[in-house]
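The lines below spell out each chain.
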Amino acid sequence: MFLDALSSFFEKGGLATTLVETIKDYFPPDMSEQEKALLSIKIQEAATNRETVLLQLAMEADRDVTERTAKLEGTASDLKQLPIVGRLILFLRGCQRPLWGFAALYMDLSWFTLWKLTDRQETALIVINTLVLGFLFGERTIKNLEPLLLKVFGNNEKVSKE
């Protein structure tokens, strides 16, 4: 999510390192090494303070989104208040990932052993598999499969440029 991207940005050298490396060439020539080191430390402290504030703001924004979603959609404890229906909904919600996964596994097994599918049906099955994999394993799976998907669906220009 946004917070993961933001923290990985700061882990890769950080803003302070980037700033110091950028302006190091512009230090006055008569500046001593000790003064340069002191200035570098001050820049790093200022940048680190800004990074901390940015991370705190990002965490607050993430928390606000979570709270807003809970208010709009409700929580599991809200569903537990409904005697039978609430528990049934929680059970079905918890079963959703395994059910979709096993359904896709069954369709794939049938595809390779029992069914004679048309090209259009095979394309639909590939889309279903992609959606199920994305649902089960997240966006990273889709990103990793993107070159393969582009080859399968005929967009060879983008694949060959990479």
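What comes next concerns the included structure. Source: prediction; values computed, not measured.

### Section: a nonpolar patch on the surface
A cluster of nonpolar side chains, contributed by Val127, Leu131, Leu148, Val152 and Phe153, occupies part of the molecular surface with about 460 Å² of accessible area. Of all the secondary-structure elements, those providing two or more residues to the nonpolar patch are helix 6 (119-137) and helix 7 (139-152).

### Describing the environment of Glu21
Summarising the element assignment, Glu21 is placed in helix 2 (residues 14-23). Take Glu21: its relative accessible area is 47%, and that puts it in the partly exposed class. Between the alpha carbons of Glu21 and Ser40 there is a distance of 9.2 Å; along the sequence they are 19 residues apart.

### Some remarks on the layout of surface pockets
By volume, the largest pocket amounts to about 170 Å³. As for the largest pocket, its lining consists of Trp111, Ile126, Asn129, Thr130, Leu133, Leu145, Leu148, Leu149 and Val152. Contributions of two or more residues to the lining of the largest pocket are made by helix 6 and helix 7. Along the lines of polarity and charge, the residues of the lining of the largest pocket split into seven nonpolar, two polar and no charged.

### Comments concerning the packing of helix 5 (residues 85-113) against helix 6
How two helices sit against one another is set out by the angle between their axes and by the gap between those axes. Put simply, helix 5 and helix 6 touch, their axes get as near as 10 Å, and they point 150° apart. With respect to helix 6, the axis of helix 5 lies roughly antiparallel. Pair helix 5 / helix 6 crosses with left-handed handedness. The segment helix 5 lies against helix 6, with Gln96, Arg97, Trp100, Gly101, Ala104, Met107, Asp108 and Trp111 engaging Glu122, Leu125, Ile126, Ile128, Asn129, Val132, Phe135 and Leu136. A per-class count over the contact of helix 5 with helix 6 returns 10 nonpolar, three polar and three charged.

### With respect to the packing of aromatic side chains
Under the counting rule described, the total for this entry stands at two aromatic pairs. When the ring of Tyr106 is compared with that of Trp115, the centres are 6.4 Å apart and the planes differ by 85°; the resulting orientation is edge-to-face. Pairing Trp111 with Phe112 gives two aromatic rings, centres 4.9 Å apart and planes at 15°, and the pair type is stacked. Judged by relative accessible area, which is 65%, Phe112 ranks as exposed.

Rules behind the numbers
- Residues numbered from 1 in each chain as written.
- Predicted model: local features only at pLDDT ≥ 70, side-chain atom pairs only at ≥ 80, totals over all residues.
- Heavy atoms only, no water.
- Patch = residues over 30% accessible without salt bridge, like charges linked within 9 Å, V, L, I, M, F, W, Y side chains within 5 Å.
- Areas by Shrake-Rupley, 256 points an atom, 1.4 Å probe, with all protein chains shown as cover.
- Salt bridge = Lys/Arg side-chain N within 4 Å of Asp/Glu carboxyl O.
- Helix = DSSP H or I, 4+ residues; strand = E, 2+ residues; numbered from the N terminus.
- Buried < 20%, exposed > 50% of the residue type's maximum accessible area, 1.4 Å probe, protein only.
- 1 Å grid on protein atoms, 1.4 Å probe; cavity = no way out; pocket = protein on both sides within 12 Å on 5 of 7 lines; lining within 4 Å.
- Points joined across faces, edges and corners; volume = space filled by probe spheres on them.
- Nonpolar A, V, L, I, M, F, W, Y, C, P; charged D, E, K, R; others polar.
- Axes fitted to C-alpha atoms, helices over the stretch in contact; angles between N-to-C directions.
- Parallel < 35°, antiparallel > 145°, perpendicular 65-115°, else oblique.
- Left-handed = near helix turned anticlockwise from the far one by under 90°.
- Contact = heavy atoms within 4.5 Å.
- Phe/Tyr/Trp six-rings, centres within 6.5 Å; stacked < 30°, edge-to-face > 60°.

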